[in-house]
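Residues per chain are reported as follows:
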Amino acid sequence: MSGSIGRRPVTALVLLVSSAAFLLVSCSSTGGAPDQVTEQGRNFTQTWRVFLFGAVAVTALIWLLVLVAAIRFRRRGDRVPDQRQYNIPLEVLYTVVPVIIVAALFTLTVVTQRGFTDLDSDPDLRVEVTGFQWQWRFDYVDQGVTVNGTDAAIPPLVLPVGRTVRIELRADDVIHSFWVPEFLEKRDLIPGFDNAIDVTITKPGRWRGRCAEYCGLDHWKMTFDVYAVPAAEYDAWIAQTRSLPQPVLAPLELPPSTTEASS
């Protein structure tokens, strides 16, 4: 019996150290999620961190209370400690505080979710993205440019940095799903149902997008590349591509910074 009692502090210490190590690793990363490259994704990441640090704080508080109780009120004899049927201030405290925390997290979640789902009343650019078995078509609605993907080449989706882009999602046949991991969101393309998202890209780069909904035998072919470029390069690319016979088939000449990103 004495041996098992002696092992209890060691076990508690091991659990404490393990928990602390896990929390430190969690706080130093985003859990394996890709880096966000849009304003909407940045808001999501900030919300995720609030939840994470809140969980760390609550866990640390629980461990602290357990340790204080174990040390301060450890058994020192056979005397029965003082007993109380209730402690009104304490009971009010541990009832009200969790309610406030849950309400705050719920409100933050709703605000962040609306940042993903609400659409800007006046976006800078509209791109109609159409998924079909088994490729993509990108229609730059106001610029009169259409890019069609082919089996031989991955279609490029060229977007300007710093402008709000309305991506309107359409499906010609079955359900597809528009997914760029770095956007930290994906949205389904459903036949007969119009769907849309707004994205504001914050930095230049190249990222791989794909269909995230199994849509048939050649589902694996439905990939595309997102090229985010400065606004001036985007405008020049639009002017150059508009001069070509429409629609154009991938591959096509890309802005200079996108070529550097793909090399």
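In this text the structure is predicted, and so the values were computed from the model without any measurement.

Caption draft 1: Seen up close, the environment of Q133. With respect to the secondary-structure elements, Q133 resides in the loop between β1 (125–132) and β2 (135–140). Along the backbone, Q133 and H176 are 43 residues apart, and their C-alpha atoms lie at a distance of 8.9 Å. Separated by 2.7 Å, the side chain of Q133 and the backbone oxygen of C215 make a polar contact.

Caption draft 2: Inspection of the side chain of E185 at higher detail. When you line up the elements, E185 lands in strand β7 (residues 185–189). Owing to a relative accessible area of 10%, E185 belongs among the buried residues under this scheme. Polar side-chain contacts of E185 include one of 3.2 Å to the side chain of R187. Beyond its immediate sequence surroundings of up to four residues, E185 is in contact with F116, F178, W179, V180, I197, D198 and V199.

Caption draft 3: Inspection of the layout of surface pockets at higher detail. Size it by volume and the largest pocket reaches roughly 490 Å³. A69, R72, F73, R74, R75, R76, G77, D78, R79, V80, P81 and D82 are the residues that line the largest pocket. A breakdown of the residues in the lining of the largest pocket according to their chemical character gives four nonpolar, one polar and seven charged. Approximately 290 Å³ is the volume found for the second largest pocket. Together, A57, V58, L61, I62, L65, L90, L93, Y94, V97, P98, I101 and V102 line the second largest pocket. For the lining of the second largest pocket, the secondary structure elements donating two or more residues are α2 (39–72) and α3 (88–117). With seven residues, α3 is the single largest residue contributor to the lining of the second largest pocket. Of the residues assigned to the lining of the second largest pocket, the class counts are 12 nonpolar, no polar and no charged.

The rules we used
Residues numbered from 1 in each chain as written. Predicted model: local features only at pLDDT ≥ 70, side-chain atom pairs only at ≥ 80, totals over all residues. Heavy atoms only, no water. Helix = DSSP H or I, 4+ residues; strand = E, 2+ residues; numbered from the N terminus. Polar contact = N/O pair within 3.5 Å; in protein donor to acceptor, adjacent residues only side chain to side chain. Buried < 20%, exposed > 50% of the residue type's maximum accessible area, 1.4 Å probe, protein only. Contact = heavy atoms within 4.5 Å. 1 Å grid on protein atoms, 1.4 Å probe; cavity = no way out; pocket = protein on both sides within 12 Å on 5 of 7 lines; lining within 4 Å. Points joined across faces, edges and corners; volume = space filled by probe spheres on them. Nonpolar A, V, L, I, M, F, W, Y, C, P; charged D, E, K, R; others polar.

Functional significance is not addressed by these values, which are geometric in nature.
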